[in-house]
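Spelled out, the chains give:
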2 protein chains.
Amino acid sequence: MNIEPSWDFYRSFLTVLRQGSLSAAARELGLTQPTIGRHIDALEEAVGAELFIRSSNGLLPTDVALDLQPYAEMLATTAAALLRTASSQRDKVEGTVRISASEVIGIEVLPPIIADLQDAYPGLQVELSASDALEDLMNREVDIAVRMAEPQQDALLVRRIGDIPLGFHAHRRYLERHGTPQTMAELAGHRLIGFDRQTAYIRMMRKLHPLADELAYSFRTSSHLAHYTAIRAGIGIGICQTGLARPNPDLVHIMADEFEIPLGTWVAMHESLKTSPRCRVTFDALVRGLLNYIKSCKETRA
Amino acid sequence: MNIEPSWDFYRSFLTVLRQGSLSAAARELGLTQPTIGRHIDALEEAVGAELFIRSSNGLLPTDVALDLQPYAEMLATTAAALLRTASSQRDKVEGTVRISASEVIGIEVLPPIIADLQDAYPGLQVELSASDALEDLMNREVDIAVRMAEPQQDALLVRRIGDIPLGFHAHRRYLERHGTPQTMAELAGHRLIGFDRQTAYIRMMRKLHPLADELAYSFRTSSHLAHYTAIRAGIGIGICQTGLARPNPDLVHIMADEFEIPLGTWVAMHESLKTSPRCRVTFDALVRGLLNYIKSCKETRA
DNA sequence: CGATGTTCATATATTTATGTATAGCGATGC
DNA sequence: GCATCGCTATACATAAATATATGAACATCG
């Protein structure tokens, strides 16, 4: 550890970790395989530890390398955040905004909101991370997050949107064959779609409706999105956001009056970004769009 | 923003920000002024914004550059953390550990503890950040922190040490001239040493002893350390850790029975570091050393 | 079992980045 | 008011990092 290694070595290191080979990393970075190889050699030399076991079909990371991966990942996200901030004009709505949202929200709800936003601001680029793994606002992995739980940290600008209503739904085709249950008890004989993991959301459901606990599920998935598409495919009865089902005439909201789960929704961003026009504008558009969405959930179908 | 700039540019950028000139940054990094200048040029080109206003006596950062500084700082701390982790042997107690503690603890209490630790492990390097600004354990600005408030975040390995007792102290010389107060009320006529900023610690003191609020202070400082040295210099009566005063025969603990503030103390480190022998060993040594210190605080003087 | 497509390692050529030397500018001090 | 000292900017020579080309090892597939 004589002299600090080039920070570019860390980038090469991370890329090799992710790609699994020097060649693939080289393609990714627009460099060549010997170059990446030399970077890894130099880094190993600098830290005095072996980082990869070379083989003729790739590089296998050592334990040391795996220990270092989180740091390298953070370097990458920070560098990306820096670049994002830098290359956006200060007083114009331009540049890239990274948004994080759950799969369902990100895929089914946000696109039209983002489309409107980009109509208004053609220079605005949006990166959407639609995943249920929550990304860190403090470290700026994302600029803005739509969350289903209230963000606790200070230094965040948080806006509560309200509750997205969830309810039992099924495809018209399914109901024509199996009948439409009118009470929770009648659900017992039906093909039910369930979740295969315990999430906060499921625990809440059990709390609200203890009966749900005893139901037998014939299809389970950990993905809320797959859950929704399973309903749409007529597999059985499941729970989804009423606002998703409403525009689709084939989807029927079951026991609309007896059963509803409210899904609290927040939009959050780092306070320091509120002076950034592109973030400010996107934040506001998300708030407005999601408020409209919740409003539309509660309208009775035309 | 065609191609991602070299990460080394960020390092040069940060160093210029910190040093205020290309030449100074070059000296810092072991490069030359034209090289750093080219890095800045290239970075400005890449992000499409002016980062510095050049003048013949240095570089003045633009607002854009100042916005980017926190990101660059984080890159630097992360790179340092990576290197620290990498260059320590996995199964040996070697390499560098970064510790954060308050000024008083870091300067007056920890050194003997660290001395013992390094006697036991000669290969262990310690970096001590003795500052009342709290550094982030999550982002590994430091590996281990001694805190006066309970760390809240998950993913931290936290050990409560107990309460460090604080009390009124004065130099024997002062008391010989001005007399020794026996009650809180008698403090009124004395030269008192106070704090010039509101801290959680002071608010707590007020809560415990409302009288303290009405006292007139003749010397104020925001630094706890300066507060302590002011007592030692005989400026007047002030509050400090009883354990600091006890070994010094010239310092007298006043109203030992009437007045005591307990200062809760915790040692914390990131959970992922508990597999690192050097961190583990240092953590344990700090816990042990601080427990001894608290014990010594409570012993009556020989 | 040989052909093909991977991979990494090595030697050589080329490009790129860096260092050196110097000039110009502005502030400070005698 | 001139000398000095710091800084940046530029031109040029050099050193360093890179790409290219190739060979050897291993897996996959017909």
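Residues numbered from 1 in each chain as written. Chains lettered and ligands numbered in written order. Predicted model: local features only at pLDDT ≥ 70, side-chain atom pairs only at ≥ 80, totals over all residues. Heavy atoms only, no water.

(A) Summary view of the interface of chain B and chain A. With 33 residues of chain B at the interface, the matching set in chain A holds 33 residues. Carbon and sulfur atoms supply 68% of the area buried between chain B and chain A, which totals about 3700 Å² over both sides. Sorting the residues of chain B by area buried against chain A places B:Trp7, B:Tyr71 and B:Leu82 first, and these three jointly supply 23% of that buried surface. Where chain B packs against chain A, one counts two salt bridges. A salt bridge links A:Arg11 to B:Glu4, with the nearest nitrogen and oxygen atoms 3.2 Å apart. Between the two partners, chain B and chain A, sit 13 residue pairs in polar contact (both at pLDDT 80 or more). For the side of chain B that touches chain A, the secondary structure elements donating two or more residues are α1 (7-19) and α4 (63-86) of chain B. (Contact = heavy atoms within 4.5 Å. Buried area = accessible area lost by both parts, 1.4 Å probe. Salt bridge = Lys/Arg side-chain N within 4 Å of Asp/Glu carboxyl O. Polar contact = N/O pair within 3.5 Å; in protein donor to acceptor, adjacent residues only side chain to side chain. Helix = DSSP H or I, 4+ residues; strand = E, 2+ residues; numbered from the N terminus.)

(B) Quick peek at the pairing of strand β6 (residues 156-171) of chain A. Residues and elements named next belong to chain A. Here β6 runs beside strand β11 (residues 261-270); their pairing, made up of ten bridges, is antiparallel. Its bridge partner lying in β11, Leu157 is registered against Met269. Relative to strand β9 (residues 238-241), β6 runs antiparallel, the two being bridged by four bridges. When the bridges of β9 are listed, Gly167 appears paired with Cys240. As paired elements, β6 and strand β10 (residues 251-254) share four bridges and run antiparallel to each other. (Pairing = 2+ DSSP bridges.)

(C) Up close: the packing of α1(B) against helix α2 (residues 22-29) of chain B. All names here are of chain B. In the contact formed by α1 and α2, the axes pass within 8 Å of each other and the chain directions differ by 120°. The angle between the axes of α1 and α2 places the two elements in the oblique class. For the element pair α1 and α2, the recorded crossing hand is right-handed. For the pair α1 and α2, the contacting residues are Arg11, Ser12, Thr15, Val16 and Gln19 in the first and Leu22, Ala24, Ala25, Glu28 and Leu29 in the second. (Axes fitted to C-alpha atoms, helices over the stretch in contact; angles between N-to-C directions. Parallel < 35°, antiparallel > 145°, perpendicular 65-115°, else oblique. Left-handed = near helix turned anticlockwise from the far one by under 90°.)

(D) The arrangement of the relation of the copies chain B and chain A in detail. Between chain B and chain A, which share one sequence, the superposing operator has a rotation angle of 180° and an axial displacement of 0.0 Å; the RMSD is 0.1 Å. On the angle and the small slide along the axis, the relation comes out as a two-fold axis. (Least-squares fit on C-alpha atoms with pLDDT ≥ 70 in both.)

(E) Main features of the environment of B:Ile261. Within the secondary structure, B:Ile261 is located in strand β11 (residues 261-270). Through-space distance from the C-alpha of B:Ile261 to that of B:Asn292 is 19 Å; in sequence the pair is 31 residues apart.

(F) Molecular detail of the environment of B:Arg90. Note on placement: B:Arg90 falls in the loop between α4 and β3 (95-101). Sequence separation between B:Arg90 and B:Ile239 is 149 residues; the distance between their C-alpha atoms is 44 Å. Those residues in contact with B:Arg90 that sit more than four places away from it in its chain are A:Asp63, A:Val64, A:Asp67 and B:Pro277.

(G) Molecular detail of the nonpolar core. Ranked by internal contacts, the top residues of the largest apolar core, which has 166 residues, are A:Phe13, A:Leu110, B:Phe13 and B:Leu110. In this structure A:Phe13 touches A:Ile40, A:Leu43, A:Leu51, A:Phe52, A:Ala65, A:Leu68 and A:Ala72, once residues within four positions along its chain are discounted. (Core = buried A, V, L, I, M, F, W, Y, C linked by side-chain atoms within 4.5 Å. Buried < 20%, exposed > 50% of the residue type's maximum accessible area, 1.4 Å probe, protein only.)

(H) Representation of the protein's contact with DNA strand C. Around DNA strand C there are 20 residues in total, and A:Leu22, A:Ser23, A:Ser56, B:Thr32 and B:Thr35 lie nearest to it. Of all atoms in DNA strand C that approach within 4 Å of the protein, 66% are sugar or phosphate atoms. In the model, a base nitrogen of DNA strand C is placed 2.9 Å from a nitrogen or oxygen of the A:Gln33 side chain. Here B:Thr32 contributes a side-chain N or O atom positioned 2.8 Å from a phosphate oxygen of DNA strand C. Mapped by element, the contributors of at least two residues to the surface near DNA strand C are α2 (22-29), α3 (33-47), β1 (52-55) and β2 (58-61) of chain A together with α3 (33-47) of chain B. (Near = heavy atom within 4 Å.)

(I) Spatial organisation of the protein's contact with DNA strand D. By nearness alone, 20 residues border DNA strand D, and A:Thr32, A:Thr35, B:Leu22, B:Ser23 and B:Leu59 come closest of all. Among the atoms of DNA strand D lying within 4 Å of the protein, the sugar-phosphate backbone contributes 62%. Within the side chain of B:Ser23, an N or O atom sits 2.5 Å from a phosphate oxygen of DNA strand D. Sorting the residues of the surface near DNA strand D by element identifies α3 of chain A together with α2, α3, β1 (52-55) and β2 (58-61) of chain B as the ones contributing at least two each.

(J) Region of interest: unusual backbone geometry. Look at A:Met255: it is not a glycine, yet its phi comes out positive at around 50°. Positionally, A:Met255 belongs in the loop between β10 and β11. For B:Ala155, which is not a glycine, the phi torsion comes out positive at approximately 65°. Tracing the backbone shows B:Ala155 in the loop between β5 (144-147) and β6 (156-171).

(K) View of the environment of B:Ala86. Relative to the elements of secondary structure, B:Ala86 occurs in helix α4. Accessibility expressed as a relative area gives 3% for B:Ala86, which makes it buried. What B:Ala86 contacts, discounting residues up to four positions off in sequence, is A:Val47, A:Ala49 and A:Leu68.

(L) Seen up close, the domain arrangement of chain A. Looking at chain A, the domain boundaries give domain 1 (7-86) and domain 2 (144-302). Taken over C-alpha atoms, the centre of domain 1 of chain A sits 40 Å from the centre of domain 2 of chain A. (Domains from an automatic or database assignment.)

(M) Structural context of α4(B). Residue and element names in this part refer to chain B. An ideal rise of 1.5 Å per residue puts 34 Å on 24 residues; α4 measures up with 35 Å between its terminal C-alpha atoms. Helix geometry: α4 is bent most strongly at Gln69, by close to 40°, with proline Pro70 lying one to four residues after it. Counting buried positions along α4 yields 17 of 24 residues, so the element is predominantly enclosed. (Expected span 1.5 Å × (residues − 1). Bend = angle between axes of the 7 residues up to and from the residue.)

(N) Expanded view of the pairing of β11(A). All names here are of chain A. Burial analysis of β11 places nine of its ten residues in the buried class, which makes it a mostly covered element. Both strand β5 (residues 144-147) and β11 contribute to a ladder of four bridges, which runs antiparallel. Paired with Ala145 across the strands is Ala268, a residue of β11.

(O) Highlighting the pattern of salt bridges. This model, assessed by the stated rule, comprises 20 salt bridges over all chains. Linking B:Arg18 and B:Glu73 is a salt bridge whose minimum nitrogen-to-oxygen distance equals 2.6 Å. Linking B:Arg18 in helix α1 with B:Glu73 in helix α4, this pair joins segments that are 55 residues apart in sequence. Residues joined in a network through salt bridges with shared partners are A:Glu4, B:Asp8 and B:Arg11.

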